[in-house]
Amino acid sequence: VQIDTLLLAPWIIPVEPDARVLRDHALAVDSGKIVELLPAEDAERKYRALEVERLDGHALIPGLINSHCHAAMSLFRGLADDLPLMDWLNEHIWPAEQRWLSPAFVADGTQLAAAELIRCGVTTFCDMYFFPRQAAETAADAGLRVAVGLVMLEFPTPWARDADEYLAKGLDVHDRFRGHPRVRTVLAPHAPYTVSDTSLRRIATLAEEIDVPIQMHLHESPVEIAQSLEQHGKRPLHRLLDLGLLSPRLMAVHMTQIEPDEVQLAARHGLHVIHCPQSNLKLASGFCPVQPLLEAGVNVALGTDGAASNNDLDMLSEMQTAALLAKGVSGSSSAVPAAVALRMATLNGARALGIDEITGSLLPGKDADLCAIRLDEIETQPLYDPLSQIVYAAGRSQVTHVWAAGKPLLRNRELLTLDADLLRANARHWAERITAARSS
Ligand SMILES: [Zn+2]
């Protein structure tokens, strides 16, 4: 049988149907899709491939899914650190955004983020930022799959003046990318404290009409809960319940402030929780009770949040943090084992985004979204269990190859769709302008 590509690896971890690690297997890829996963010796007899890639010391896993990020904020990486969420937003991030946001800023910032995402094995990310058209185009040009958030706030930014304009412009972006093979849209009301009841009701209706998911920062910090109790007489989750937003369409990002009855509420309504452990730690926002959520049947996926609050987009280290933090917070060392952490960073993300038919695991028929991690480096020797090495020991510098929909984006750590020198020059250019304006 003639195919495009045959990938051979000592370890292949398909994530679905379960956490097995396949020894000396091959993955057959044709027209961007996974054809078959089979023992290497059978594969070389059965398939004739235009290209054969022998990954001699690698584990092949599904491309990682960063389910929550603000890609263009990469250009604000390190601008303001070591502050609580509300001070960080009000005194640093929002003023910087008012000053610098533009289509060019978002294109350059998203391109920088795309390179970093590819170099840590990500093939899909969900973005929440302004000028989503530029973000989507940039990500798609880099070969990535993206679910681009149609962001909404009540206050003006360089992207839109008011709720009406955010929605109208968002819908234009939605229409523009309709039918695109790798771009989806997601309605993205920013947070309970920045979006009104009226707007939230409209978003609930609109999500049904245009059949897209909703992603929102929710129960991120104690201040948010206190403010909501004061202004609305109820906690944000209950306010959203009353407004008709709790459904399997909703991806609740952060959820660090959550009572046991709210875990059940989330489970009952089929919410997806996007856990961003490093951002929560850095902003001292609190701890998401991942283990109780998983036990209640809630789908929990993983995100890095933006590079201004993390400060990287490293999904390998995010997996490690999620696995470790769950143990510390629950007091149980069996919470979020390695296989579950990997599932959160792949299949669970695809489910949250509603694209698990297309990506998130290595099932035949899905797009060939893949990541190869070198495990023969000193840092991951000896090797008893590849899953354990990937989650607890490997660093992103061990990610060597990445394919999205069968197209190579990274080979031996070299970016194939982006120009690293240009990215560095652009980042430097923005940093010089932003620094000069801050000191003047
Ligand atoms: Zn965020």
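Okay, so let's go over this structure. (Residues numbered from 1 in each chain as written. Predicted model: local features only at pLDDT ≥ 70, side-chain atom pairs only at ≥ 80, totals over all residues. Heavy atoms only, no water.)

Some words on the coordination of the zinc ion
For the record, the criterion: Sites may look incomplete, because water is not among the atoms used; the donor set itself consists of N, O and S atoms within 2.8 Å of the metal (3.2 Å for Na, K and Ca). Irregular is the default label, applied whenever a site is not tetrahedral (four donors, all angles between 85 and 135 degrees) and neither square planar nor octahedral (four or six donors, opposite donors over 155 degrees apart, all other angles between 65 and 115). Burial status follows relative accessibility: with a 1.4 Å probe on protein chains alone, a residue under 20% of its type maximum counts as buried, one over 50% as exposed, and anything between as partly exposed.
Looking at the metal site, the zinc ion is ligated by His68 (NE2), His70 (NE2), His217 (NE2) and Asp305 (OD), spaced 2.1 Å from it. Geometry at the zinc ion is irregular, judged from the four donor atoms that bind it and their angles of 86 to 168 degrees at the metal. One chain supplies every donor to the zinc ion, and in sequence these donors are spaced H-x1-H-x146-H-x87-D. Accessibility classification places His68 together with His70 in one group, the buried group.

Regarding the environment of Val391
Here is the rule: For the purposes of this entry, the term helix denotes a DSSP run of H or I that reaches at least four residues, the term strand denotes a run of E that reaches at least two, and both are numbered from the N terminus.
Residue position: Val391 is located in helix H15 (residues 386-393). In this structure, the C-alpha to C-alpha distance between Val391 and Ala322, residues 69 residues apart in sequence, is 9.6 Å.

With respect to the packing of helix H12 (residues 315-330) against H15
Helix-helix packing: each pair is described by the crossing angle between the helix axes and the interaxial distance. Let me state the cut-off plainly: Structural elements are reduced to axes, namely lines fitted to C-alpha atoms, with helices fitted over the stretch in contact, and the angle between N-to-C directions of any two is expressed from 0 to 180 degrees. Here is the rule for angles: anything less than 35 degrees is roughly parallel, anything more than 145 is roughly antiparallel, 65 through 115 is roughly perpendicular, and the remaining ranges are oblique. Every residue pair with non-hydrogen atoms within 4.5 Å of one another is taken to be in contact. All residues other than Ala, Val, Leu, Ile, Met, Phe, Trp, Tyr, Cys, Pro, Asp, Glu, Lys and Arg, Gly among them, are scored as polar; the first ten of these are nonpolar and the last four charged.
The geometry of H12 relative to H15 is characterised by a closest axis approach of 7 Å and an angle of 90 degrees between their N-to-C directions. For the element pair H12 / H15, the angle class is roughly perpendicular. Mapping the contact onto sequence places Leu316, Met319, Gln320, Ala323, Leu324 and Lys327 in H12 and Ile390, Val391, Tyr392 and Ala393 in H15. Of the residues assigned to the contact of H12 with H15, the class counts are eight nonpolar, one polar and one charged.

Focus on helix H16 (residues 420-439)
Note on helix geometry: an α-helix contains 3.6 residues per turn, so any two residues three or four positions apart are oriented the same way. This is how it is decided: Working rule for helices: expected span equals 1.5 Å times residues minus one. This arc describes the spread of directions from the helix axis toward the C-beta atoms.
End to end, H16 covers 29 Å across 20 residues, agreeing with the expected 28 Å (1.5 Å per residue, within 8%). Within H16, burial applies to Leu423, Asn426, Trp430 and Ile434. Within H16, the buried residues cover an arc of 70 degrees as seen down the axis, which keeps them to one side. Those residues of H16 that are exposed and aimed more than 90 degrees away from the buried face are Asp421, Arg424, Arg428, Glu432, Thr435 and Ser439.

A look at the side chain of His217
Which entries qualify depends on this criterion: Whenever a nitrogen or oxygen atom comes within 3.5 Å of another N or O atom, the pair is scored as a polar contact, on the condition that within protein one atom can donate a hydrogen and the other can accept it, and that pairs from neighbouring residues in sequence are kept only if both atoms are in side chains.
Topologically, His217 is positioned in strand S10 (residues 214-218). Engagement of the side chain of His217 in a polar contact is seen with the side chain of His68, the distance being 3.0 Å. Polar side-chain contacts of His217 include one of 2.9 Å to the backbone oxygen of His190. For His217, the contacting residues outside a window of four places in its chain are His68, His70, Met128, Pro189, His190, Ala191, Pro192, Val253, His254 and Asp305.

Structural notes on the nonpolar core
So the rule is basically this: Definition used in this section: a nonpolar core is a set of buried Ala, Val, Leu, Ile, Met, Phe, Trp, Tyr and Cys residues joined via side-chain atoms within 4.5 Å.
In terms of nonpolar packing, the biggest core is built from 125 residues, with Phe76, Phe105 and Met319 touching the most fellow members. Setting aside chain neighbours within four positions, we find Met319 in contact with Leu64, Leu302, Ala341, Leu342, Ala345, Ile390 and Val391. Counting residues in hydrophobic clusters, the runner-up holds 14 residues, among them Leu22, Leu27, Ile34 and Leu60.

A few points about the packing of helix H3 (residues 103-118) against helix H4 (residues 132-141)
Here is the rule we go by: What makes a crossing left-handed is the near helix being turned counterclockwise from the far one by less than a right angle; a clockwise turn instead makes it right-handed.
The contact between H3 and H4 brings their axes to 8 Å, and the two run at 35 degrees. Here H3 runs over H4; the crossing is right-handed. Of the residues in H4, those touching H3 at Pro103, Val106, Ala107, Thr110 and Gln111 are Gln134, Ala135, Thr138 and Ala139. Among the residues making up the contact of H3 with H4, the classes are represented as five nonpolar, four polar and no charged.

Brief notes about H15
Those residues of H15 that fall on the buried side of the exposure criterion are Pro386, Leu387, Gln389, Ile390 and Val391. Packing partners of the buried residues in H15 comprise strand S1 (2-12), strand S5 (58-62), H12, helix H13 (338-344) and strand S14 (370-374). The backbone nitrogen of Leu387 lies 3.0 Å from a side-chain oxygen of the residue at the head of H15, namely Asp385.

With respect to the pattern of salt bridges
Applied cut-off: Salt bridges are defined as contacts in which a side-chain nitrogen from Lys or Arg sits within 4 Å of a carboxyl oxygen from Asp or Glu.
Applying the stated criterion across every chain yields a total of 28 salt bridges. A salt bridge links Asp369 to Arg145; the nearest nitrogen and oxygen atoms lie 2.8 Å apart. Residue Asp369 is located in the loop between helix H14 (347-353) and S14, and its partner Arg145 is located in strand S8 (residues 145-152); the two are separated by 224 residues in the primary sequence. The partner of Arg235 in a salt bridge is Glu259, and the shortest N-O contact between them spans 3.8 Å. You can see Arg235 sitting in the loop between helix H7 (222-232) and helix H8 (236-242) and its partner Glu259 sitting in the loop between strand S11 (250-254) and helix H9 (260-268), a full 24 residues away along the chain. When its relative accessible area of 17% is taken as the criterion, Arg235 is described as buried. Connected via shared salt-bridge partners are Lys33, Arg145, Asp367 and Asp369.

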